[in-house]
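Chain and residue survey
Chain by chain, the residues:
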Amino acid sequence: MIKRYFVSILVLLLFIFAAGCSNSNHKKSAVSDDHKASTGDLAEETSSMNELPTFLNGQTDTIKSIYKASAASKELLEKIPCYCGCGKSVGHKNNYDCFVRENKKNGGIVWDSHGLNCDVCLEIAAQSITDYHNGKSIKEIRKEIDQKYKEGYANPTPTPQV
């Protein structure tokens, strides 16, 4: 039941998000400046993927759901590129990096705020996770994402082919 609800939320997101990175529709984070990376993105460690970072406080349940689903979809999203330009601008290697900066050995997560302010990142994650839960292979998803974002978007992150 929860899985169906979760997938339904992600599918709904695809119709909500417009392409392109934008800060205009998102609230500023309450995390202090000492947690900012040199890129302006925030990093915050929590004890597990079940504890979301405080920079998501005040955000919609939809954005929180994408963050939680992204953290739980490491194997998938590490094989999916992002097309917002974050490969060049912040050194991301894949779409997973837009949401999670580091997985700690003790189960902790260092979250990245980059995806919070980027509709392209959010849309790619939501579409990929939804398609995966609907039975598509990682290879099929990768092909569809590459096709959808090949024109009119920034160069993809340097994510190896599947």
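Residues numbered from 1 in each chain as written. Predicted model: local features only at pLDDT ≥ 70, side-chain atom pairs only at ≥ 80, totals over all residues. Heavy atoms only, no water.

**Regarding the overall build of the protein**
Rules: For the purposes of this entry, the term helix denotes a DSSP run of H or I that reaches at least four residues, the term strand denotes a run of E that reaches at least two, and both are numbered from the N terminus. Relative accessible area decides the class of each residue, using a 1.4 Å probe on protein chains only: under 20% of the type maximum gives buried, over 50% gives exposed, and in between gives partly exposed. Any two residues whose heavy atoms approach within 4.5 Å at even a single point are treated as in contact. Only the protein chains shown count as cover for residues, and the accessible areas themselves come from Shrake-Rupley with a 1.4 Å probe.
Counting its secondary structure elements, the protein contains six helices and three strands. In the protein, which comprises 162 residues, the proportion classed as buried is 46%. In the protein, of all internal contacts separated by at least 6 residues, the share reaching a separation of at least 24 is 68%. Of the accessible surface of the protein, which amounts to about 8700 Å², a share of 51% is contributed by carbon and sulfur atoms.

**Quick look at the sheet that holds strand β1 (residues 43–46)**
To keep things clear, this is the line we draw: We call two strands paired when DSSP finds no fewer than two bridges between them. To get an axis, fit a line to the C-alpha atoms, keeping to the stretch in contact for a helix; angles then go from 0 to 180 degrees between the N-to-C directions.
In spatial order, the strands read β1-β3-β2; together these three strands make up an open sheet with antiparallel pairing. Two strands lie at the open edges of the sheet, namely β1 and β2 (100–103), each paired on one side alone. For this sheet the average axis-to-axis angle between neighbouring strands, irrespective of direction, equals 20°. In terms of strand pairing, β2 meets strand β3 (residues 109–112) through three bridges, oriented antiparallel. By the bridge assignment for β3, Val 100 is matched with Trp 111.

**Remarks on the nonpolar core**
The condition that has to hold: Throughout, nonpolar core names a set of buried Ala, Val, Leu, Ile, Met, Phe, Trp, Tyr and Cys residues whose side chains join them through atoms within 4.5 Å.
The biggest cluster of nonpolar side chains holds 34 residues, and the ones touching the most others in it are Tyr 67, Phe 99 and Ile 124. Those elements that provide at least two residues to this core are α2 (61–71), α3 (74–77), β3, α5 (119–133) and α6 (138–148). Ranked by residues supplied to this core, first place goes to α5 with seven residues. Setting aside chain neighbours within four positions, we find Phe 99 in contact with Ile 66, Tyr 67, Ser 70, Trp 111, Asp 112, Gly 115, Cys 121, Leu 122 and Ala 125.

**Overview of the packing of α5 against α6**
Short version of the rule: It is the rotation of the near helix from the far one that decides the hand of a crossing: anticlockwise by less than a right angle makes it left-handed, clockwise makes it right-handed. Charged means Asp, Glu, Lys or Arg here, nonpolar means Ala, Val, Leu, Ile, Met, Phe, Trp, Tyr, Cys or Pro, and polar covers whatever is left, Gly included.
In the contact formed by α5 and α6, the axes pass within 10 Å of each other and the chain directions differ by 150°. Seen along the crossing, α5 lies across α6 with a hand that is right-handed. Contacts between α5 and α6 involve Glu 123, Ile 124, Gln 127, Ser 128, Asp 131 and Tyr 132 from the first element and Ile 138, Ile 141, Glu 144, Ile 145 and Lys 148 from the second. When its residues are assigned to classes, the contact of α5 with α6 shows five nonpolar, two polar and four charged.

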